[in-house]
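In case you want the letters, here they are:
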Amino acid sequence: MVDADGKVVMPGLIDAHRHTDFTLVQGLFSDLDGEELLKEAMSLYHTAEEALGESFFETAWDLACLRQLTHGVTTVNAMDFTPELGAAAIGKAGLRGVIGPELADFLKADSPAEQLADAREFIETHHDTHDGRVRASIAPGGEAGCSRQLWEGVEELRSEYPDLRLHTHLYDSSEAGTLAAGSGADDPLDLLETFNLLDERTLLTHLLHADQLDARRIADAGAHVLHCPTVYSYFQAGERTWFPLPALKESGANVVIGLDDPFWFDSWDLIQEAKHARLLSNFEYGAQQWSSYDLLRMLTIDAARALGLDDQVGSLEPGKRADFIVIDVDTPRHQPYSNLPSVLMNTVTAGDVETVVVDGEVLMEDRVVTSLDVENVRAAAKRERDRLQTHTGWETSLGGSTPPDKSILRRVSGRPLLRVMKQYGRGVVNQYTR
Ligand SMILES: [Zn+2]
């Protein structure tokens, strides 16, 4: 029994788009400009597995689960290169997650056939496990990360598993059309349509370079939009554009919020992310793009609908799976107030979350985490972070981070992604913001 007398009880928050592999990078690259950061991150992709091994990624997932839990996020929609570790960590932590093994043959050395076989095995092994808390998705990286051969395989995989969500990045660079043309399509949406991948089970993230017509096509297909405002405004990699929110709203598309790579801008606070979404959209399109109640819905029931979980979570109703959080707003920080949605979206931060319950199980009560060994996770994070710094040559102090004399990018050569980066330039860099 949870005592929430006088407090706000609301559905657990749902992070609709996140990557987790590099959680331990937090703070290291944060003062770089967008392009420098992406180069460092790309080179880390290509060396981390060999140099740092499984313990690095295992710890990243454990730390991400601890962060997610203490920030009131009960469900995450993740896309990563270490999905098996994610399934184990999320399952163990008592949280809920939809996890997609990221498919990207321009980024990973494995062939499309190998990546698709691994994805199939992941689905067979991990989908609908841990009492249904852990589910799988099909997650091609996007128009910039995947070859035509890979898209063909994704179409086949999806016809085998029609109930799974298709989770991908789309239109996140001004070269998106050119990149889609490389796979024989007129534009990124045509690419998805060509392979029968655009429907109500499709989740599209970013859409920064989509136009009004694209917005209508997305809404007509019933696809969902995953918006991650902070990462793009923090680094501003490339030309500034914003997703076509007025057209998406007018067409009735479901737009929800994700943190994307929260470790690059050092925040795991989904409530702050919703605030950024509102401020940046108001900045671009004029005030009152969303009400506070709209934002609350986007973080809960709308996100549950996007993930196909609205019969289980996203609202407090009899028969659902009892995912909820408790927040105390009866404090000088929040009183007096008269508009609860506005308090929850404007003055509350994730640090105000006291208690977290998932699937009826109490995972944190009065800020004491019960489902994870916090001290163990902290010790492992410190150990693995030290190993990361030794590997990269970065030095850190309380004053900031000092890059090594030579970027690790220059120490890596002949990798598939680097060839693509040269070919397409900034477009691919933008794609992997990600
Ligand atoms: Zn992403």
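Along every chain, residues carry numbers that run from 1 in the direction the sequence is written. With the structure being a predicted model, the display of local features is reserved for residues of pLDDT at least 70 and the display and counting of side-chain atom pairs for 80 or more, all residues being used for whole-chain, interface and lining totals. Only hydrogens and water are removed before side-chain values are computed, so all heavy atoms of the structure are retained for them.

Q: Before we go on, may I ask you to explain the sheet that holds strand β8 (residues 202–206) in this structure?
A: Strand pairing within a sheet occurs via backbone hydrogen bonds; the two strands may be parallel or antiparallel. DSSP bridges decide pairing: two strands pair if at least two such bridges lie between them. Only DSSP runs of H or I with at least four residues qualify as helices, and only runs of E with at least two residues qualify as strands; both kinds are numbered from the N terminus onward. Ordered by their spatial adjacency, 4 strands build an open sheet running β7-β8-β9-β10, and the pairing between neighbours is parallel. Where the open sheet ends on each side, the last strands, each with one partner, are β7 (166–170) and β10 (254–257). Averaged over neighbouring strand pairs, the angle between their axes works out to 30° when direction is ignored. Two strands pair when backbone bridges link them, and β7 and β8 are joined in this way by 5 bridges, in the parallel orientation. If you follow His167 over to β8, its bridge partner there is Leu203. Helix axes use the C-alpha atoms of the stretch in contact, all axes being lines fitted to C-alpha atoms, and the angles between their N-to-C directions lie in the range 0 to 180 degrees.

Q: When you look at the sheet that holds strand β1 (residues 8–11) in this model, what are you seeing that I'm missing?
A: Pairing is antiparallel in the open sheet, where 5 strands are placed in the order β1-β11-β12-β13-β14. Here the strands that pair on one side only, and so sit at the sheet edges, are β1 and β14 (368–369). Summarising the sheet, strand β11 (residues 324–327) and strand β12 (residues 353–358) pair through 4 bridges and their orientation is antiparallel. By the bridge assignment, Phe324 is partnered in β12 with Val357.

Q: I keep staring at helix α11 (residues 292–299) and nothing clicks. Help me out?
A: An α-helical turn contains 3.6 residues, so any two residues separated by three or four positions project in the same direction. Burial classification: accessible surface area is computed with a 1.4 Å probe over protein chains only, and a residue below 20% of its type maximum counts as buried, one above 50% as exposed, and the rest as partly exposed. The set of residues buried in α11 consists of Ser292, Leu295, Leu296, Met298 and Leu299. End-on view of α11: buried residues confined to an arc of 160°, all on one side of the axis. We call two residues contacting when some pair of their heavy atoms lies within 4.5 Å. Those residues of α11 that are buried lie in contact with β1, β2 (13–18), β10, α10 (270–285), α12 (301–306) and α13 (340–346). Here, the arc refers to the directions that run from the helix axis to the C-beta atoms.

Q: So what exactly am I meant to see when it comes to the environment of Ala60 here?
A: Relative to the assigned elements, Ala60 resides in helix α1 (residues 34–70). What makes Ala60 buried here is its relative accessible area of 0%.

Q: What am I meant to see in the side chain of Lys320 here?
A: Here Lys320 shows up in the loop between α12 and β11. Residue Lys320 is classed as buried on the basis of its relative accessible area of 17%. Throughout this description, a polar contact denotes any pair of N or O atoms lying within 3.5 Å of each other; where both atoms belong to protein, one of them has to be capable of donating a hydrogen while the other can accept it, and for residues adjacent in sequence the pair is counted only when both atoms sit in side chains. A polar side-chain atom of Lys320 sits 2.7 Å from the main-chain carbonyl oxygen of Asp310. Of the polar contacts made by the side chain of Lys320, one reaches the side chain of Ser315; its length is 2.6 Å. Leave out the neighbours within four places in its chain, and Lys320 touches Ile301, Asp310, Asp311, Gln312, Val313 and Ser315.

Q: I keep staring at the layout of surface pockets and nothing clicks. Help me out?
A: A water-sized probe rolled over the atoms picks out the places where empty space is left. Residues are called lining when one of their atoms sits within 4 Å of a cavity or pocket point, these points coming from a 1 Å grid over the protein atoms alone, where a cavity is a set in which a 1.4 Å probe fits but cannot get out and a pocket is an open set with protein on both sides within 12 Å along at least five of seven lines. Grid points are joined across faces, edges and corners, and a volume is the space filled by probe spheres set on the points. Its volume calculated, the largest pocket comes out at about 680 Å³. Glu49, Phe81, Thr82, Lys108 and Asp110 are, among the 28 residues lining the largest pocket, the residues nearest its centre. Contributing elements (two or more residues each) for the lining of the largest pocket: α1, α2 (83–93), β4 (96–103) and α3 (112–126). Under the scheme applied, nonpolar residues are Ala, Val, Leu, Ile, Met, Phe, Trp, Tyr, Cys and Pro; charged residues are Asp, Glu, Lys and Arg; polar residues are all the others, including Gly. Residues that form the lining of the largest pocket fall into these classes: 13 nonpolar, 4 polar and 11 charged.

Q: For this particular structure, what's the right way to read the pattern of salt bridges?
A: If the charged atoms of two oppositely charged side chains come close together, the side chains can form a pair. We define a salt bridge as a side-chain nitrogen of Lys or Arg found within 4 Å of a carboxyl oxygen belonging to Asp or Glu. Here the structure, examined in full by the defined rule, presents 21 salt bridges. A salt bridge links Arg96 to Asp323; the shortest N-O distance between them is 2.7 Å. On the criterion of sequence distance, the pair formed by Arg96 in strand β4 and Asp323 in the loop between α12 and β11 is long-range, its members being 227 residues apart. Residues Arg96 and Asp323 agree in their burial class; the two are buried. With a closest N to O distance of 3.8 Å, Asp214 and Arg217 form a salt bridge. In this pair, Asp214 and Arg217 both sit in helix α7 (residues 212–221), 3 residues apart, roughly one turn of the helix. Given a relative accessible area of 23%, Arg217 falls into the partly exposed group. Because the salt bridges share partners, they merge into one network encompassing Arg96, Arg321, Asp323 and Asp359.

Q: Is there a simple way to explain the packing of aromatic side chains in this structure?
A: Remark: the centre distance and the inter-plane angle together describe each pair of aromatic rings, the angle taken between the planes. To pair, rings of Phe, Tyr and Trp, with the six-membered ring standing in for Trp, must have centres within 6.5 Å; the planes then decide the type, stacked if under 30 degrees apart, edge-to-face if over 60, and tilted in the middle. All chains considered together, the criterion is met by 7 aromatic pairs. Seen from their ring centres, Phe56 and Phe57 are 5.1 Å apart, and the 85° between their planes marks the pair as edge-to-face. Comparing Phe56 with Phe57, the two get one shared label, buried. Members of the aromatic cluster, connected to one another through ring pairs, are Phe22, Phe56 and Phe57.

Q: I tried to follow the environment of Asp31 on my own but got confused; where do I start?
A: Mapped onto the elements of the fold, Asp31 is located in the loop between β2 and α1. When its relative accessible area of 70% is taken as the criterion, Asp31 is described as exposed. Taking the C-alpha atoms as reference points, Asp31 and Asn282, separated by 251 residues in sequence, lie 26 Å from one another.

Q: Please explain the nonpolar core as it appears in this structure.
A: Generally speaking, a soluble globular protein has its nonpolar side chains buried in company with each other. Residues Phe22, Phe29, Leu204, Leu207, Phe243, Ile327 and Leu344 are the most contacted members of the largest nonpolar core, which totals 118 residues. For this core, the element with the highest residue contribution is α1, accounting for 17 residues. Non-local contacts of Leu344, meaning those with residues more than four positions away in its chain, are made with Val8, Met10, Ile271, Leu296, Ile327 and Val329. Buried Ala, Val, Leu, Ile, Met, Phe, Trp, Tyr and Cys residues that are joined via side-chain atoms within 4.5 Å together make up what is termed a nonpolar core.

Q: Just to check I follow, could you spell out the state of the cysteines for this structure?
A: In protein chemistry, a disulfide is the covalent bond that joins the sulfur atoms of two cysteines. We call a pair of cysteine sulfur atoms a disulfide whenever their separation is within 2.5 Å. Across all of its chains, the model carries 0 disulfides by this definition. No disulfide involves Cys146; its sulfur sits 17 Å from the nearest other cysteine sulfur, which is in Cys228. On the basis of relative accessible area, Cys146 is assigned to the buried category, the value being 0%.

Q: Could you clarify how one ought to interpret the pairing of strand β9 (residues 224–227) in this entry?
A: Looking along a regular strand, one sees side chains alternate from face to face of the sheet. A two-sided burial pattern is seen for β9, the buried positions comprising His224 and Leu226 on one face and Val225 and His227 on the other. Look down the strands so they point away from you; if the path from the first strand over the helix to the second goes clockwise, the crossover is right-handed. The parallel pair β8 and β9, bridged by α7, forms a crossover whose chirality is right-handed. Where β9 meets β10, 4 bridges bridge the pair, whose relative direction is parallel. When the sheet's bridge partners are listed, Val225 is paired in β10 with Val255.

Honestly, it's all geometry; don't read function into it.
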